[in-house]
Amino acid sequence: MKLRRILCFLLLTTALLLSGCAGKTNNPISKTALYFDTVVTITLYDSDNLALLNRCFEECEAFEQTVSRTIETSEIYQINHADGKPLEVSDVTLELIQKGVAYGDLTNGKFDITIAPLSELWDFKSNTGQIPSEEDIQEALSHVNYRNILIEGNTVTLTDPQAAIDLGGIAKGYMADRIKEYLENEGVKSALINLGGNVLTIGKKPDGSPFHIGIQKPFDKQGNAITSVDAVNSSVVSSGVYERYFEVDGVFYHHILDTQTGYPCDNHLLGVTILSESSVDGDALSTSCFLLGLEDGQKLVDSLDGVEAIFITEDYQLHDTRDK
């Protein structure tokens, strides 16, 4: 179900992009693969060098092998199964964990990269309707606290041996930023990086106009856009209740879990899209602002330089911080 929605999003974004590229004489080159449990597509508009694309996907593979929560040889898996013992990690893993901790501080724990015990319990990836017991939810929740992460140099320790890190809320954005940096260093000036809806653009389209990025209408089976935004050398990242969910006895359960209650967040929002320069920040902020809700989420965005947001409330109304 999630894969179908991602593919609809990709088709929507591609249609918007191609509609503005009629004046271009050379065809873009593109490659798609599956990483981070999502569809990754990279398109170059001013280069026909396939080696660049291949290198980008080699980096995706190496990155997933390093920070995946489920790959047993990854550093995150090893941290989570170290029984509270310290583990030395690479600079990449360290930087990601530090970024996650920083957003924990920024949101007073609403965004928490130690959410793994809770997310594993709900297991929205494969769950078709199993609601955890209250006892199990509270037990898992007792181990969700990013302050249990101790960092000393490149050594990471979970002071609660039953805690576990999940970098799913920031990993795709971080990888998108790395791909962009690599391509820019190789001279690429027009490209689109799409990691399952985490969209990052390099420069403008070949005709000099901005990229037009569609924002999916929640629950629309055809993946139609509810609106679109112009993006020039910037990131567009969305989080919403329509990504992974199930219903039981008329009650709707989605994958964005409240770190205070242990249940799916209930705040009358359907989705949040963050517009920023950095994709890792957009990734973290899209989840953070959703968890904070409309009012507090807008306040957080207003306090940050170079960041804007579009909130979609349950009545399908758009609340755009750029309109203020």
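Preceding this paragraph is the structure being described.
Conventions we followed
Residues numbered from 1 in each chain as written. Predicted model: local features only at pLDDT ≥ 70, side-chain atom pairs only at ≥ 80, totals over all residues. Heavy atoms only, no water. Helix = DSSP H or I, 4+ residues; strand = E, 2+ residues; numbered from the N terminus. Contact = heavy atoms within 4.5 Å. Phe/Tyr/Trp six-rings, centres within 6.5 Å; stacked < 30°, edge-to-face > 60°. Buried < 20%, exposed > 50% of the residue type's maximum accessible area, 1.4 Å probe, protein only. Lys NZ or Arg CZ within 6 Å of the ring centre and 35° of its normal. Pairing = 2+ DSSP bridges. Axes fitted to C-alpha atoms, helices over the stretch in contact; angles between N-to-C directions. Core = buried A, V, L, I, M, F, W, Y, C linked by side-chain atoms within 4.5 Å. Salt bridge = Lys/Arg side-chain N within 4 Å of Asp/Glu carboxyl O. Arc of directions from axis to C-beta. Parallel < 35°, antiparallel > 145°, perpendicular 65-115°, else oblique. Left-handed = near helix turned anticlockwise from the far one by under 90°. Nonpolar A, V, L, I, M, F, W, Y, C, P; charged D, E, K, R; others polar.

Draft legend 1. Focus on the side chain of S74. Here S74 lies in the loop between α2 (50–67) and α3 (75–80). Apart from residues no more than four positions distant in its own chain, S74 is found in contact with Q65, T66, V67 and S68.

Draft legend 2. Highlighting the packing of aromatic side chains. As enumerated under the stated definition, the model contains 15 aromatic pairs in all. An angle of 10 degrees between the planes, with centres 5.6 Å apart, marks the rings of W122 and F124 as stacked. The exposure class of W122 is buried, given its relative accessible area of 0%. With 5.9 Å between their ring centres and 35 degrees between their planes, W122 and Y253 make a pair best called tilted. Residue W122 is found in helix α5 (residues 116–122), and its partner Y253 is found in strand β12 (residues 251–254); the two are separated by 131 residues along the sequence. Like Y253, W122 is buried. Cluster of aromatic residues (ring-pair linked, three or more members): Y35, F36, F57, F63 and Y174. The cationic tip of K217 hangs over the ring face of Y316; the distance from NZ or CZ to the ring centre is 5.8 Å.

Draft legend 3. Looking closely at the pairing of strand β6 (residues 190–195). Of all 6 residues in β6, 6 are buried, a share of seventy percent or more. The side-chain alternation of β6 yields two buried faces, one formed by S190, L192 and N194 and the other by A191, I193 and L195. Summarising the sheet, strand β2 (residues 38–44) and β6 pair through 5 bridges and their orientation is antiparallel. Looking at the pairing, V40 lines up with L195 of β6. Pairing of β6 with strand β7 (residues 198–203), which is carried by 6 bridges, proceeds in the antiparallel orientation.

Draft legend 4. Main features of the sheet that holds strand β5 (residues 155–158). As summarised here, the arrangement of the 3 strands in space is β3-β5-β4, forming an open sheet in which the pairing is antiparallel. Whereas interior strands pair on both sides, the edge strands pair on one side only; in this sheet they are β3 (87–88) and β4 (149–152). By the bridge criterion, 2 bridges tie β3 to β5 in an arrangement that is antiparallel. The partner of L87 across the bridge, within β5, is V156. Helix α4 (residues 91–106) contacts β4 and β5 of the sheet and is inclined by roughly 130 degrees relative to β4.

Draft legend 5. Just the nonpolar core, in detail. Membership of the largest hydrophobic core comes to 75 residues, with the highest contact counts inside it found for I42 and L183. For this core, the element with the most residues is helix α8 (residues 279–302), which contributes 8 residues. Contacts of L183, omitting those with residues within four sequence positions, involve I42, L44, L52, C56, V188, I193 and I202. Counting 11 residues, the second-largest nonpolar core is a separate cluster that includes L118, I137, L141 and Y253.

Draft legend 6. Quick look at the pattern of salt bridges. This structure, assessed with the given rule, holds 9 salt bridges. Note that E59 is salt-bridged to R178, the shortest N-O span being 3.4 Å. Placement of the pair is E59 in helix α2 and R178 in helix α7 (residues 171–185), with a sequence separation of 119 residues. The class for R178 is partly exposed, based on a relative accessible area of 28%. The salt bridge partner of D320 is R322, with a shortest N-O separation of 2.6 Å. Overall, R322 belongs to the partly exposed group, its relative accessible area being 39%. One continuous salt-bridge network, built from bridges that share partners, spans R55, E59 and R178.

Draft legend 7. Region of interest: the environment of Q162. Tracing the chain through its elements places Q162 in the loop between β5 and α7. Taking the C-alpha atoms as reference points, Q162 and L195, separated by 33 residues in sequence, lie 31 Å from one another. Excluding residues within four positions of it along the chain, Q162 makes contact with P117, E139 and H143.

Draft legend 8. Broad picture of helix α6 (residues 134–141). Within the span of α6, buried status applies to I137, A140 and L141. With its buried residues spanning 100 degrees around the axis, α6 presents them on a single face. Turning to α6, the residues buried within the fold contact α5.

Draft legend 9. Seen up close, the packing of α4 against α7. Look at α4 against α7: their axes get within 11 Å of each other, and the N-to-C directions meet at 125 degrees. Here α4 lies oblique to α7, going by the angle between them. Between α4 and α7 lies a crossing whose hand is right-handed. Contacts from V92, E95 and L96 in α4 reach A171, Y174 and R178 in α7. Along the lines of polarity and charge, the residues of the contact of α4 with α7 split into 4 nonpolar, no polar and 2 charged.

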